[in-house]
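# A look at the structure
Residues per chain are reported as follows:
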Amino acid sequence: MSTYPVESIRNFSIIAHVDHGKSTLADRLLEITGTISKTGRNKQVLDKLQVERERGITVKAQSASLFYSHEGVNYLLNLIDTPGHVDFNYEVSRSLSACQGVILVVDANEGIQAQTVANFYLAFEAQLAIIPVINKIDLKNADPERVEKQIEKLFDIPIDECVRISAKQGTNVEKVLQKVVEKIPPPQCNAADPLKALVFDSTFDHYRGVIANIALFGGEIQKGYKIVSAHTKKRYEVNEVGILSPDEQPTHRLYAGQVGYLIAGMKEVTEAQIGDTLFLYKQPVEPLPGFKSAKPMVFAGMYPVDQTEYNNLKSALERLTLNDSSVTVHRDSSLALGAGWRLGFLGLLHMEVFNQRLEQEYNMCVILTAPTVPYKAVLSSAKLIKEYGKEEITIINPAQFPDKLSVSEYLEPTVLGTIVTPQEYIGKIIVLCQDRRAIQKDMLYIDEHRVMLKYLFPLNEIVVDFYDALKSLSSGYARDKAYATGKYLCERLKDAIPRQLFEIAIQAAVGKKIIARETLKAYRKNVLAKCYGGDITRKMKLLKRQAEGKKMMRKIGNVEVPRDAFIRVLKRQTDK
C-alpha cells in the first residue's frame, strides 16, 4: 500500500435515488478495474445482506478498494456504494464523511427524483466534487437530453459535464473512472502526521469481535500498534488491518488518505462508536467532528414471543444495533406482552428491514407493535412538572400519554417533504396532501413535464401509508381517524376474545370519552327447552331467573384475555 502516495488516492461514493442503478454501476467498476472477474453472475456484489438481495435494495453502505491505471499512473480508488431510500439517509451522510467526491447517478428514463435532490444537497453541503452520470441510456424510453436539462436547471451543473452510460451493458463506464481521477481531488492529509483515523462504519463478527471501517486522515497504522479511542479512552492493540476489495484483504499497513478496516480486539458492542477518532497511544490528537446522531422518526414496541427468549433477544439487539447505530433502544414493559424494548427507527422501511435482519441473521421471532411517532406535551399541572422535572416532555409510548386536563398544548413532529411528479397528476397529489393536513411551501416546474412540490407534513399523517397512497393517487382519506381506528381495534378484540357466559362490552376511549363499542354476546342456555306448552308466565319466570344469574355473573366474573389476543391486536397488520 506504500506505493500509493496521497496524490494517487481518490475516495468517492455513488449516490442516487432508489433503483437508479448504483449497485449495477458499482459491479461494472469492480469488473473494469479487475477487482472481481467478469461473469454474468455479478449482480449486487456489494450488497451482502440477505435482505438486500431479496428486496433488491441497498440497506448498508459497503466499501471496496479498486486499483486503476490512468495515463501511466497507478491510482487507488476507494468506492463506497450507498443506499438510495430516504430511511437510510444516515448511511449516506456517514459515507460522505470519508470521501472527497461523489458520482451522482440519475436514471435516463425517470429523471431527477426526490432522493436525487436530497443526496445532491448532502454532497453539496459537504463541499464534495460532484460527477453527474446519466444511467440506463439503453432503455427504450430513455431521454438523456431532458435529464441533462433537469440537472442543469436544478443543480447548476453544465450539460457538458454529464456522462451518459449504461451500467448494465457497460457502455461508457470507463469514462466514469477517468472523470473520478481527473475531477475528484486527493485527500488533504499527510503520512508524516500523527495517526488520526475516523471510524465511519462497523460490523460484528462472532469470532473476531468488532471490525471497524476506518478512513485515515493522518499517519499510518499496522499490526501491533497500540491505539486509543477518543470516545471511550480505552486502549487496544491492533490485530489486523487491511482493505476491502470487496472482501477483507489483510495488508501490512494503511497510510494517510486510505480507507480500510481494522480489528483490534474490541469485544463489546459499545466500544466501536460510529464517528469515533482513533489515535496512537501517548500521541493524542484533536478528535474529528464525527457525526450528528440519527434522529428516530418512528417508534414501535418489540417483545419476545416467549419471555424465556428475552436474554437471547437482548444479545441479538445489541449486536444488530452495532451494525445499525441509527436505531435507538429503550427498555419497556407491557402488562400483556411482558418485558421488551421501545425501538426508534428512521422510517417504516427501516423498521421492516431491521425486523427481517433479526429473523434472518439471529433467528429471532419477535412481536412488533404498531408504529407511532413521538409527541411533545407542554404540562400545565404543577404536580406533573415536579414529577418530570421539566415543563415540556416527549412521549414515545402511547400508554404514557398525559391527560389533556394536565396539558396546556400538544406538539406533533412535522417533516418537509419533496414530491417530484409528472404534471398530469398534480391536482390529485395536491388534494392528497391537503387531506393529510400538509401545508404547501414551494412548487417548481423542473421541465415542461415534471413538477417538484415541497410540503410541510405532520409526520403521523405520512408515516404508515402515504407513500402507497401517493403511488395509487387515492385521495379519499378521513381527516379524523380516531373513530375509525377505535372501531377497528374493538372489532379485532371482539374476534380475538373467547365468548363467556355473560355479555362483554369492548370500548375504545380517547381520554374519558368513549368513541367506539362492540358487544361480545354471551353463551346462552336454552332454558325453555323443557317447556312443552303451558302458561306463558312459567316461561317468563325462567327467562327472568336466567337474566338475574347473568347480571350476577357479570358483577363477579373475570375475563381472562388470552395472550394471543393481545398479539393479534397489537401486531402491525399489513392487510388492514
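Criteria and thresholds
Residues numbered from 1 in each chain as written. Predicted model: local features only at pLDDT ≥ 70, side-chain atom pairs only at ≥ 80, totals over all residues. Heavy atoms only, no water. Helix = DSSP H or I, 4+ residues; strand = E, 2+ residues; numbered from the N terminus. Buried < 20%, exposed > 50% of the residue type's maximum accessible area, 1.4 Å probe, protein only. Areas by Shrake-Rupley, 256 points an atom, 1.4 Å probe, with all protein chains shown as cover. Pairing = 2+ DSSP bridges. Axes fitted to C-alpha atoms, helices over the stretch in contact; angles between N-to-C directions. Contact = heavy atoms within 4.5 Å. Salt bridge = Lys/Arg side-chain N within 4 Å of Asp/Glu carboxyl O. Polar contact = N/O pair within 3.5 Å; in protein donor to acceptor, adjacent residues only side chain to side chain. Patch = residues over 30% accessible without salt bridge, like charges linked within 9 Å, V, L, I, M, F, W, Y side chains within 5 Å. Lys, Arg positive; Asp, Glu negative; His and termini not counted. Charge placed at Lys NZ, Arg CZ, Asp CG, Glu CD. Phe/Tyr/Trp six-rings, centres within 6.5 Å; stacked < 30°, edge-to-face > 60°. Lys NZ or Arg CZ within 6 Å of the ring centre and 35° of its normal.

### Things to note about the overall build of the protein chain
When helices and strands are counted, the protein chain shows 15 helices and 28 strands. A total of 576 residues make up the protein chain; the buried ones form 50% of that total. Carbon and sulfur atoms form 50% of the exposed surface of the protein chain, whose accessible area is close to 29100 Å².

### Remarks on the sheet that holds strand β12 (residues 240-244)
Pairing is antiparallel across the open sheet formed by eight strands, whose spatial order is β11-β10-β16-β7-β8-β15-β12-β13. If you trace the sheet from one side to the other, it starts and ends with β11 (235-237) and β13 (248-250), each paired once. Geometrically, the sheet is characterised by an average inter-axis angle of 40° between neighbouring strands, direction not taken into account. With three bridges connecting them, strand β10 (residues 226-229) and β11 associate as antiparallel partners. Within the sheet, the bridge partner assigned to isoleucine 227 lies in β11 and is tyrosine 236. Where helix α7 (residues 310-323) meets the sheet, its contacts fall on β7 (196-205) and β8 (209-218), and the angle it forms with β7 comes to roughly 140°.

### Section: the pattern of salt bridges
Here the structure, examined in full by the defined rule, presents 18 salt bridges. With a shortest N-O distance of 2.9 Å, glutamate 148 and arginine 164 are connected by a salt bridge. One end of the pair, glutamate 148, is in helix α5 (residues 144-155); the other, arginine 164, is in strand β6 (residues 163-164), and 16 residues separate them in sequence. For glutamate 148, a relative accessible area of 8% puts it in the buried group. Here glutamate 220 and arginine 253 are joined by a salt bridge, their closest N and O atoms 2.4 Å apart. Taken together, the residues span a long stretch of sequence, with glutamate 220 in strand β9 (residues 220-222) and arginine 253 in strand β14 (residues 253-255) at a distance of 33 residues. The class for arginine 253 is partly exposed, based on a relative accessible area of 23%. Here the salt bridges share partners, and the residues they tie into one network are Lys487, Glu491, Lys494 and Glu518.

### As for the side chain of lysine 136
With respect to the secondary-structure elements, lysine 136 resides in the loop between β5 (129-135) and α5. At 3.3 Å, the side chain of lysine 136 and the side chain of aspartate 107 are in polar contact. Setting aside chain neighbours within four positions, we find lysine 136 in contact with Asp19, His20, Gly21, Asp107, Ala108, Ala142, Ile165 and Ser166.

### Quick look at a positive patch on the surface
On the surface, Lys525, Lys530, Arg538, Lys541 and Arg545 cluster together to form a positively charged patch. Position of lysine 530 among the secondary structure elements: in the loop between β28 (513-520) and α14 (536-556).

### Brief notes about the packing of aromatic side chains
The full count for this structure, using the stated rule, is ten aromatic pairs. When the ring of phenylalanine 120 is compared with that of tyrosine 121, the centres are 5.1 Å apart and the planes differ by 75°; the resulting orientation is edge-to-face. On the basis of relative accessible area, phenylalanine 120 is assigned to the buried category, the value being 4%. Residue classification places tyrosine 121 among the partly exposed residues on the basis of a relative accessible area of 35%. On the basis of an interplanar angle of 75° and a centroid distance of 5.9 Å, the ring pair of tyrosine 375 and phenylalanine 401 is categorised as edge-to-face. One end of the pair, tyrosine 375, is in strand β21 (residues 375-379); the other, phenylalanine 401, is in the loop between β22 (392-395) and β23 (407-411), with 26 residues separating them in the sequence. Feature note: the residues Phe120, Tyr121, Phe124 and Phe155 constitute an aromatic cluster, connected by ring pairs. Sitting above the plane of the tyrosine 281 ring, arginine 235 keeps its charged end 4.3 Å from the centroid.

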